[in-house]
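What follows is the residue order along each chain.
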Amino acid sequence: MAEVTPLSKSELLFQELVRSVHESGPIEVLEAAGRYGTAIGLSKITVHLVDLQQRLLVPLTGGPILDVDSSVAGEAYRSDTLRLAEGGADELSLWLPLKDGADRVGVLHIRTPRIDEPILRRCHTLASLLALVVTSKRAYSDTYVRRTRTRDVQLRTEMLRAFLPPRTLGARRGVSTAVLEPAYELGGDAFDHSITRNTLHAVILDAMGHDLASGLTASVAMAGARSARRNGADLAELTDNVEHALVTWLPERFCTAVFATLDLSTGVFSWVNCAHPAPLLIRDRRLVEGAMDRTPELPLGLDGVFTDVSPRTVHEFALEPGDQVLLYTDGVTDAHDSDGQMFGLERFTDFVIRAASADEPAPETLRRLIHAIHDHQRGSFTDDATIMLLEWTPDRGIPRPRID
């Protein structure tokens, strides 16, 4: 019989921390993590969550709020890499990204008098655990949500946000990431994505109007898409299910949409376009104009108005490794400044292409892009603006943590 190696003190402490997660509240679990950190020789542990607009990093247990664009903590968040700096008083200041899978939720700040490989491994493990804890506990507690909002959210926005998935998801072979504004005053824009073993599913919606009914329309459409998808429907069946839901429950409302899938094994991108702006293809760091332009079809929700509605068309396009597909609502390109100058399609696509040329992570590209649109309008959105970016990367290796 093989001899069982006794657990070290640090391993026992970590087991105790993991067990305490299930019994602790949202803040108490962070305090338990702090006690674990002290026991293994760390000076202090602080979790910072990113705010709703990804501009601020908000500490959960005291300390200053940090700017994403101008702080060391922000560098760790933006670059998705560890950052190391002098912490004062013979201490080192360590900033690690907090991620729920591919989705960035904030950063972990660790102060330590020294750092070596075992300590670094424990810090990465602790960051992984705390990211899972935050994701789990914010599903049923308002504690984290309240800390990451800088002002009140409108009712229709609260309803829509309850349906939204994480901003980013993905695996080694593909990623989907999305952003939308105005963060606190959404009208009828929404997005959804999901990933299975070999398929990345994506949805972008733009409901008519900017009232509570608009939010309800987008929510019903999103629920209809999810219900069909989870019942094994293909894209045509999924679109019919959403159409039926809107006609049945909201007969006077309509929305535009794109429902899409990306086969992660073959790179085949399939989509149904319901009167929405056509998907854009970026290949070899340039826009392939018209690659996914197809004959326009009616918005969703008009089946009861027009009796001669034709079956929806499922289009297919073979992507190449490294290709990016952009989905967006017209609030992106139609965003205009006080002089009436539109943000425009050229500026929109050029922004993404330049970021890709600099090897910037896709979630960071969209974060900066939506801020650029926000600033172009001086924060005065006349329409919702939503962007989704899908990447097919079948040859990409599994990323490993690095220190820059």
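Residues numbered from 1 in each chain as written. Predicted model: local features only at pLDDT ≥ 70, side-chain atom pairs only at ≥ 80, totals over all residues. Heavy atoms only, no water.

You'll find the chain entered in an unreviewed UniProt entry as PPM-type phosphatase domain-containing protein, with Nocardiopsis terrae given as the organism.

**Student:** Outline the nonpolar core, supporting the account with residue identities and numerical values.
**Tutor:** Within the largest apolar cluster, 48 residues are counted, with the highest numbers of intra-cluster contacts made by L205, F259, F269, M292 and L319. By size, the runner-up hydrophobic cluster in this structure holds 32 residues, among which are I40, L42, V105 and A131. (Core = buried A, V, L, I, M, F, W, Y, C linked by side-chain atoms within 4.5 Å. Buried < 20%, exposed > 50% of the residue type's maximum accessible area, 1.4 Å probe, protein only.)

**Student:** If you had to explain unusual backbone geometry to someone new, which residues and values would you point to?
**Tutor:** Of note, the amide linkage connecting E181 to P182 takes the cis form, showing an omega dihedral of 0 degrees. Within the secondary structure, P182 is located in the loop between β8 (174-181) and β9 (189-195). The backbone phi angle of Q54 is positive, close to 55 degrees, even though this residue is not glycine. With respect to the helices, strands and loops of the structure, Q54 is situated in the loop between β1 (44-50) and β2 (56-59). Judged by its relative accessible area of 5%, Q54 is buried. Positive phi, close to 60 degrees, is recorded for R285, a residue that is not glycine. Along the chain, R285 turns up in the loop between β13 (280-283) and β14 (286-287). (Helix = DSSP H or I, 4+ residues; strand = E, 2+ residues; numbered from the N terminus.)

**Student:** Please set out the pattern of salt bridges residue by residue, giving values where relevant.
**Tutor:** Enumeration according to the criterion identifies 20 salt bridges in this entry. Note that R104 and E364 form a salt bridge whose closest N and O atoms lie 3.0 Å from each other. Remark: E364 occurs in helix α11 (residues 362-376) and R104 occurs in strand β6 (residues 103-112); sequence separation between them is 260 residues. Residue classification places R104 among the buried positions, given a relative accessible area of 6%. With relative accessibility at 2%, the residue E364 sits in the buried group. Of the charged contacts, one joins R121 and E117 as a salt bridge, the two residues approaching to 3.2 Å between their closest N and O atoms. Taken together, the residues R121 and E117, both in helix α4 (residues 117-137) and four residues apart, mark about one turn of the helix. Classification of E117 as exposed rests on a relative accessible area of 57%. Via salt bridges that share partners, D69, R104, E364 and R367 belong to a single interconnected network. (Salt bridge = Lys/Arg side-chain N within 4 Å of Asp/Glu carboxyl O.)

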